[in-house]
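Here are the chains, one letter per residue:
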Protein chains: 2
Amino acid sequence: MSIQIQRKKTRQVSVGPVKIGGNAPVAVQSMTNTFTHDIPATVKLIHRLEAAGCEIIRVAVPDMPAAEAIRSIKNQIHIPLIADIHFDYRLALAALKAGADGLRINPGNIGSNKKVKAVADQARDYGVPIRVGVNAGSLEKDLRKKYGVTPEAMVQSALRHVELLRSFDFHDIKISIKASDVLTTLEAYRLLSSKTDLPLHVGVTEAGTLYSGTVKSAIGIGMLLYEGIGDTIRVSLTRDPVEEVRVGYEILKALNIRQRGPEIISCPTCGRCQVNLFSIVDQIESALMNKTIPIKIAIMGCVVNGPGEAKEADIGIAGGAGQGILFKKGKVVKKVKEKDLVKVLLEEVEKIEELRN
Amino acid sequence: MSIQIQRKKTRQVSVGPVKIGGNAPVAVQSMTNTFTHDIPATVKLIHRLEAAGCEIIRVAVPDMPAAEAIRSIKNQIHIPLIADIHFDYRLALAALKAGADGLRINPGNIGSNKKVKAVADQARDYGVPIRVGVNAGSLEKDLRKKYGVTPEAMVQSALRHVELLRSFDFHDIKISIKASDVLTTLEAYRLLSSKTDLPLHVGVTEAGTLYSGTVKSAIGIGMLLYEGIGDTIRVSLTRDPVEEVRVGYEILKALNIRQRGPEIISCPTCGRCQVNLFSIVDQIESALMNKTIPIKIAIMGCVVNGPGEAKEADIGIAGGAGQGILFKKGKVVKKVKEKDLVKVLLEEVEKIEELRN
């Protein structure tokens, strides 16, 4: 099966070396939750995020020490860094000077047009793009009054800010337009996408805990990507940001947009299952966590249904009482003692990895 | 914001007292992973599932002891039970006799038409519906040959089995048509929905681990529900089935289809956050786990953005260094010491619960 999603072609911008929009792969990003001025903690987190596949990192810049920390952080990391600025345009100027590869601002809360122009001018000089980040929760009063907190108001807010930046001859713009409500987020992005060819940063904001945040992000981001909308994604969880990156890739994998690392198919187990499949799956998932090889692995509870139901897997195991099987593309390769199932599967994955390299 | 999804009207069937299709709410179901013949373990799990909101439970019936256990299990639980049968029609007859409220069979692997007729006749006598459950992994050879493992082949397989049941004057039918691949599952259900008004059981099969399974189920089930397709859902995770139910409700909540329990909005924290929000969120989530009151709760990291960005929440807290705030519908109600934030919020939720009762 190889159904492929058609992505909408957008204008391309570059965040450091990472291209966003056009034909570029959908980039996965996250945001640190350390104090940005705590350089060792921030760098350590970014290194963990890089290992998980994070391609762009955003840091909060609430004050000058945070802005100034960017230089040292940048020297120690390997992915582009975006400075997230609210309220004070001088923080944006300082972040640019310190080497930020991108800015995220809400021009509406940066102050006068003159201040926005100062930021736009300096960003242009540095060749740095700006994301106009609109949140349903912080819309301008006039738009709230006219439209309520609606997709229409969010889109108007975004486009107004884009026009302001363009009036200063600034064009390297991305847009985000997030709500914590999935249905509002969907309608807002669809409307926005119909009105602009600027690249879009897609996410559901304040998505919440692991369960609700993962579900809301998967539906919201997933459905937009399915419709071809979205050039970079950020999953928002109240959790270790590494889990945001992990969920981001799961969304891309589920939609066959990008592959990173193994895809594990496993049955939910039922009264037919005679092995401890939860433990087997956990062992295999942990062992393969940092692999980048795209390979489809099936871990099935019973020998009867296993190989047949997981025909599309490159490789798989199915459990049985005392004895399981190893199969490839639905065909049984050999019988394996239950206690050796994990070991044998991991060895086979290594072999496939070597063959492909 | 109250965007509402329009659901496709389907023919209604009843699984015990639970209506599926027509105007009935989308029912959340799960499947036990105990040995069905281990009655105490199975009953204990079903009780946990009931507490989590599971509305229909399915059990595997691989042998006669499992079929016979149904009677005793049924006597101890409060939700309808569906027997999952493969290969042997006598197990279906035995399950019906033992009091199953529904059958899930794949008529293609039950054997001759005569055997299928025996099952249909007895199910009709007992007033029990049958789910025709097609899996991409176990399609009939002739269909695989003609169409490949495609949505078209899956739909043809389902409709062929439906016609067979109808030829025996059996009509209380649900259909499922699952693949482990999200894009295939989507296309299969869309095609099926365009060809029948029978109620549909929706899910992505062998969805996998907590992360990939939640993401695949959220996108697959979520997108179909968004399009109005689906009358009952089952999330498939290689995990405690209670988590399947939890994810199921998160999908329904995210799409504003059903409410069950609090919806927690929480920010992902950033360098502006001065409290341990992860711990606060975990404490609140645990404390409210078994509440059924539909209430939107915001848990935000900073006083500056918190109340504004979470205006739509019924109630919320925002952290600050030493001192946070309690807010309702975006308006600050009072300042609260950091250490009291959780306690004060939980008390307020109790008050709202009492007022609504």
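I will try to describe carefully the structure that is included in this document. All figures in this text were calculated on a predicted structure; none of them were measured in a lab.

## Quick look at the interface of chain A and chain B
Move 1: Opposite the 83 residues of chain A that make contact, chain B presents 83 residues.
Move 2: Summing the contributions of chain A and of chain B, the shared interface buries around 6,800 Å²; its carbon and sulfur component is 62%.
Move 3: The three residues of chain A that bury the most area against chain B are L183, E206 and Y211 of chain A, which together make up 12% of that side's buried surface.
Move 4: Residues E263 of chain A and K216 of chain B are paired through a salt bridge, measuring 3.3 Å at the closest nitrogen-oxygen approach.
Move 5: Our count for the chain A to chain B interface comes out at 16 residue pairs in polar contact (both at pLDDT 80 or more).
Move 6: Those elements that provide at least two residues to the side of chain A that touches chain B are α7 (182-195), α8 (210-226), α9 (241-254), β11 (263-266), α10 (277-288), β12 (296-300) and α11 (306-309) of chain A.
Move 7: Looking at the side of chain A that touches chain B residue by residue, the classes come out as 37 nonpolar, 24 polar and 22 charged.

## Side note on the relation of the copies chain A and chain B
Superposing the two chain copies requires a rotation about an axis and a translation along that axis.
Move 1: Turning chain A through 180° and shifting it by 0.0 Å along the axis lays it on chain B, with an RMSD of 0.0 Å. Taken together, these values place the two copies in the relation of a two-fold axis. Relative to the rotation axis, the closest C-alpha in chain A is found at I219 of chain A, a distance of 2.4 Å.
Move 2: Both copies contact each other with a shared surface, as 100% of the interface residues of chain A are interface residues in chain B too.

## So, the sheet that holds β12 of chain A
Residues and elements named next belong to chain A.
Move 1: On the basis of which strands lie adjacent, the open sheet formed by 5 strands has the order β11-β12-β13-β14-β15 and mixed pairing. Two strands in the sheet have a free side with no partner beyond their single neighbour: β11 and β15 (331-337). Across this sheet, the average inter-strand angle for adjacent strands is 20°, counted without regard to direction.
Move 2: The sheet contact formed by β11 and β12 spans 4 bridges and is parallel. Bridge assignment links I265 to a residue of β12, and that residue is A298.

## Thoughts on the packing of aromatic side chains
Move 1: Enumeration according to the criterion identifies 0 aromatic pairs over all chains in this entry.
Move 2: Over the aromatic face of Y211 of chain B sits the side chain of R246 of chain A, whose NZ or CZ is 3.8 Å from the ring centroid.
Move 3: Above the ring of Y249 of chain A, the side-chain terminus of R260 of chain A is found at 5.5 Å from the ring centroid.

## Observations regarding the pattern of salt bridges
All names here are of chain A.
Move 1: For the structure shown, the criterion picks out 50 salt bridges over all chains.
Move 2: Residue R124 is joined to D121 by a salt bridge in which the shortest nitrogen-to-oxygen separation is 3.0 Å. Of the two residues, R124 and D121 are both situated in helix α4 (residues 113-126); the distance of 3 residues between them amounts to about one turn of the helix.
Move 3: Relative accessible area serves as the criterion here: at 35%, R124 is assigned to the partly exposed category.

## Notes on the nonpolar core
Move 1: Counting residues in each nonpolar core, the largest one holds 176 residues, and the members touching the most others are I85 and I251 of chain A together with I85 and I251 of chain B.
Move 2: Ranked by residues supplied to this core, first place goes to helix α8 (residues 210-226) of chain B with 10 residues.
Move 3: The contacts of I251 of chain B, once residues within four sequence positions are left out, are V215 and I219 of chain A together with S217, A218, I221, G222, L225 and V235 of chain B.

## Concerning the sheet that holds strand β9 (residues 201-202) of chain B
Sheet strands line up and pair through hydrogen bonds in the backbone, either parallel or antiparallel.
All names here are of chain B.
Move 1: Taken together, the 8 strands give an open sheet; going across it, the order is β8-β7-β6-β5-β4-β3-β10-β9, and neighbouring strands pair in parallel fashion. The open sheet terminates on both sides in strands that have one partner only, identified here as β8 (173-178) and β9.
Move 2: Relative to strand β6 (residues 102-105), strand β5 (residues 81-84) runs parallel, the two being bridged by 3 bridges. In the strand pairing of β6, A83 is matched with L103.

## Brief notes about the packing of helix α7 (residues 182-195) of chain B against α8 of chain B
Two numbers describe a pair of packed helices, the interaxial angle and the distance between the axes.
Residues and elements named next belong to chain B.
Move 1: The N-to-C vectors of α7 and α8 enclose an angle of 20°; their axes lie 10 Å apart at closest approach. As summarised for this structure, α7 and α8 are arranged roughly parallel, according to the angle between their axes. Along this stretch, α7 crosses α8, giving a crossing that reads as right-handed. Between α7 and α8, the residues in contact are V182, L186, Y189 and R190 and K216, I219, G220, M223 and L224, respectively.
Move 2: Its residues assigned to classes, the contact of α7 with α8 comprises 6 nonpolar, 1 polar and 2 charged.

So, how was this worked out
- Residues numbered from 1 in each chain as written.
- Chains lettered and ligands numbered in written order.
- Predicted model: local features only at pLDDT ≥ 70, side-chain atom pairs only at ≥ 80, totals over all residues.
- Heavy atoms only, no water.
- Contact = heavy atoms within 4.5 Å.
- Buried area = accessible area lost by both parts, 1.4 Å probe.
- Salt bridge = Lys/Arg side-chain N within 4 Å of Asp/Glu carboxyl O.
- Polar contact = N/O pair within 3.5 Å; in protein donor to acceptor, adjacent residues only side chain to side chain.
- Helix = DSSP H or I, 4+ residues; strand = E, 2+ residues; numbered from the N terminus.
- Nonpolar A, V, L, I, M, F, W, Y, C, P; charged D, E, K, R; others polar.
- Least-squares fit on C-alpha atoms with pLDDT ≥ 70 in both.
- Pairing = 2+ DSSP bridges.
- Axes fitted to C-alpha atoms, helices over the stretch in contact; angles between N-to-C directions.
- Phe/Tyr/Trp six-rings, centres within 6.5 Å; stacked < 30°, edge-to-face > 60°.
- Lys NZ or Arg CZ within 6 Å of the ring centre and 35° of its normal.
- Buried < 20%, exposed > 50% of the residue type's maximum accessible area, 1.4 Å probe, protein only.
- Core = buried A, V, L, I, M, F, W, Y, C linked by side-chain atoms within 4.5 Å.
- Parallel < 35°, antiparallel > 145°, perpendicular 65-115°, else oblique.
- Left-handed = near helix turned anticlockwise from the far one by under 90°.

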